[in-house]
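An overview of the molecular structure
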Amino acid sequence: MSKFWSPFVKDLVPYVPGEQPKLAKLVKLNTNENPYGPSPKALAAMQAELNDNLRLYPDPNSDRLKQAVADYYGVQTAQVFVGNGSDEVLAHAFHGLFQHGQPLLFPDVTYSFYPVYCGLYGIPFEAIELDQQFQIRVEDYARPNGGIIFPNPNAPTGCALGLAAIERLLTANPDTVVLVDEAYIDFGGETAISLVDKYPNLLVTQTLSKSRSLAGLRVGIAVGHPDLIEALERIKNSFNSYPLDRMAIAGAAAAFEDKAYFEQTCQRVIDSREAVVAGLETLGFAVLPSAANFVFARHPGKDAATLAAGLREQGVIVRHFKQQRIAQFLRITIGTPEQNQVLLDALQSL
Ligand SMILES: *Cc1c(COP(=O)(O)O)cnc(C)c1O
């Protein structure tokens, strides 16, 4: 605390990201990064940007990237927003679309950045309980709200919601924005971008950090009605005109254009996920059905925090949340087949 702070700073409760250890050699399965590298075409596109032009500002509108996203999803560029990681895109959505006085609704077990943004922007919220199977029940969201947000698949559970349920939510809430955070959609869910022409209250966000293996580049997108996109543009242009640098625009556009590499690496992660689930179940774990690049698992006879600490001693890091309802679960990112085997062997020894 310091007298120099603006008064609201002392009440902020910042998000705590998963650890990014400086040690090499760890089997790092704690922050849902992709075990396979970015598209070679994306890397080449970024290398081509490393030249004298870096003295010039980038395109403030990132038109090249918006066009690549629009082409990929068959939407108009006016329906696309891009930002410095989807966390930034989400922040602008909270700021520009969720400040209506009524509480924002999201699941009780979900991405822990949502309550942090509510704190930052002074938005009241209600956490709606997942059902006994840790699934979102859309009927529970039938109450006054200033907006609804959830990840699909949900994090950290990995459980996906179908488009029919999402449509029920959109139809029941025509006067508020429903934001579907599709950080993990490419690992088995069905994107709601196909619904944006039908529902002016739908905003879909995605990230290039997971399925496109560019967490270090910091690029996220939103797709929705042009009126929703314009709100995000107004916030962005009142905050930072150039959130994406030259390399990010070139690399992200090339990543969207390299569909073959993207599909192949996603499929490898999905195949590995099925193997990890089978291995965990053999060891006695209960694993929630996952459509993501991670699994959420609990062992009936072993304390999760103890397991996480034991894994760490063996050089494997996974994520454990000290949160009441999920304190006995581990969230484990899917790695390469070799990394997954190291994980399963370490768990076996524990
Ligand atoms: C990883 C993640 C994000 C953030 O992605 P960035 O683009 O890296 O900021 C957003 N939402 C959820 C649910 C995530 O898991």
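That block above? That's the structure.
Summary of the structure given here. (Residues numbered from 1 in each chain as written. Predicted model: local features only at pLDDT ≥ 70, side-chain atom pairs only at ≥ 80, totals over all residues. Heavy atoms only, no water.)

What to know about the site of the ligand
Residues in close proximity to the ligand include Gly85, Ser86, Asp87, Tyr111, Pro151, Asp181, Ala183, Tyr184, Thr207, Ser209, Lys210 and Arg218, which together make up its full environment. With respect to the ligand, the side chain of Asp181 contributes an N or O atom lying 2.7 Å from a nitrogen atom. One of the side-chain nitrogen or oxygen atoms of Lys210 is found 3.0 Å away from an oxygen atom of the ligand. Coverage of the ligand by the protein amounts to 93% of the 390 Å² it exposes when considered alone. Split into classes, the residues belonging to the shell around the ligand amount to four nonpolar, four polar and four charged. (Near = heavy atom within 4 Å. Polar contact = N/O pair within 3.5 Å; in protein donor to acceptor, adjacent residues only side chain to side chain. Areas by Shrake-Rupley, 256 points an atom, 1.4 Å probe, with all protein chains shown as cover. Nonpolar A, V, L, I, M, F, W, Y, C, P; charged D, E, K, R; others polar.)

Details of the sheet that holds strand β9 (residues 286-287)
If you walk across this open sheet you meet the three strands as β9-β10-β12, and the pairing is antiparallel. The sheet is open, and its two edges are formed by β9 and β12 (329-333), each paired on a single side. Bridge count for strand β10 (residues 294-298) against β12 is five bridges, and the pairing is antiparallel. Its bridge partner being in β12, Phe296 is matched across the sheet by Arg331. (Pairing = 2+ DSSP bridges. Helix = DSSP H or I, 4+ residues; strand = E, 2+ residues; numbered from the N terminus.)

Concerning empty space enclosed by the protein
Tallied over the full model, the rule gives three cavities of 30 Å³ or more. By volume, the largest cavity amounts to about 70 Å³. Every residue along the wall of the largest cavity is listed here: Asn34, Gly37, Pro38, Ser39, Ser211, Arg212, Ser213, Ala255, Asp258, Tyr261, Phe262 and Thr265. Top element by residues in the lining of the largest cavity is helix α8 (residues 259-282). It accounts for three residues. Of the residues in the lining of the largest cavity, the class split is four nonpolar, six polar and two charged. Both domain 1 (7-37 + 260-349) and domain 2 (41-258) contribute no fewer than three residues apiece to the lining of the largest cavity. (1 Å grid on protein atoms, 1.4 Å probe; cavity = no way out; pocket = protein on both sides within 12 Å on 5 of 7 lines; lining within 4 Å. Points joined across faces, edges and corners; volume = space filled by probe spheres on them. Domains from an automatic or database assignment.)

Concerning the nonpolar core
Across soluble globular proteins, nonpolar side chains have a tendency to be buried as a group. Residues Leu65, Phe150 and Leu202 are the most contacted members of the largest nonpolar core, which totals 57 residues. Residue contributions to this core peak at eight residues, all from helix α7 (residues 246-257). Here this core gathers at least three residues from each of two domains, domain 1 (7-37 + 260-349) and domain 2 (41-258). Aside from chain neighbours lying at most four places away, what touches Leu65 is Val82, Val219, Leu244, Ile249, Ala252, Ala253 and Phe256. Ranked by size, the runner-up nonpolar core spans 33 residues in total, among them Tyr36, Val277, Leu307 and Leu311. (Core = buried A, V, L, I, M, F, W, Y, C linked by side-chain atoms within 4.5 Å. Buried < 20%, exposed > 50% of the residue type's maximum accessible area, 1.4 Å probe, protein only. Contact = heavy atoms within 4.5 Å.)

A few points about the packing of aromatic side chains
Two numbers describe a pair of aromatic rings. These are the distance of the centres and the angle of the planes. Using the criterion set out here, one finds 17 aromatic pairs in the structure. Ring centres of Phe106 and Phe125 lie 5.0 Å apart, and the angle between their planes is 25°; this geometry places the pair in the stacked category. Remark: Phe125 occurs in strand β4 (residues 125-128) and Phe106 occurs in strand β3 (residues 104-107); sequence separation between them is 19 residues. Exposure remark for Phe125: the relative accessible area of 39% places this residue in the partly exposed category. Ring centres of Phe296 and Phe329 lie 4.5 Å apart, and the angle between their planes is 10°; on these two criteria the pair is classed as stacked. Taken together, the positions of Phe296 in strand β10 and Phe329 in strand β12 put the pair 33 residues apart, joining distant regions of the chain. By relative accessible area, which is 0% here, Phe296 ends up buried. What links up through ring pairs into an aromatic cluster is the set Tyr15, Phe94, Phe98, Phe106, Tyr111, Phe113, Tyr114, Tyr117 and Phe125. (Phe/Tyr/Trp six-rings, centres within 6.5 Å; stacked < 30°, edge-to-face > 60°.)

Considerations on the side chain of His92
Checked against the element boundaries, His92 lands in helix α3 (residues 86-97). What makes His92 buried here is its relative accessible area of 3%. Ignoring anything within four residues of it in the chain, the contact list for His92 reads Phe81, Leu97, Leu232, Ile235, Lys236 and Phe239.

Some points on the pattern of salt bridges
Counted according to the given criterion, the structure contains 13 salt bridges. Notably, a salt bridge pairs Arg55 with Asp52, separated by 3.0 Å at the nearest N-O pair. No difference in accessibility class separates Arg55 from Asp52, as the two residues are exposed. (Salt bridge = Lys/Arg side-chain N within 4 Å of Asp/Glu carboxyl O.)

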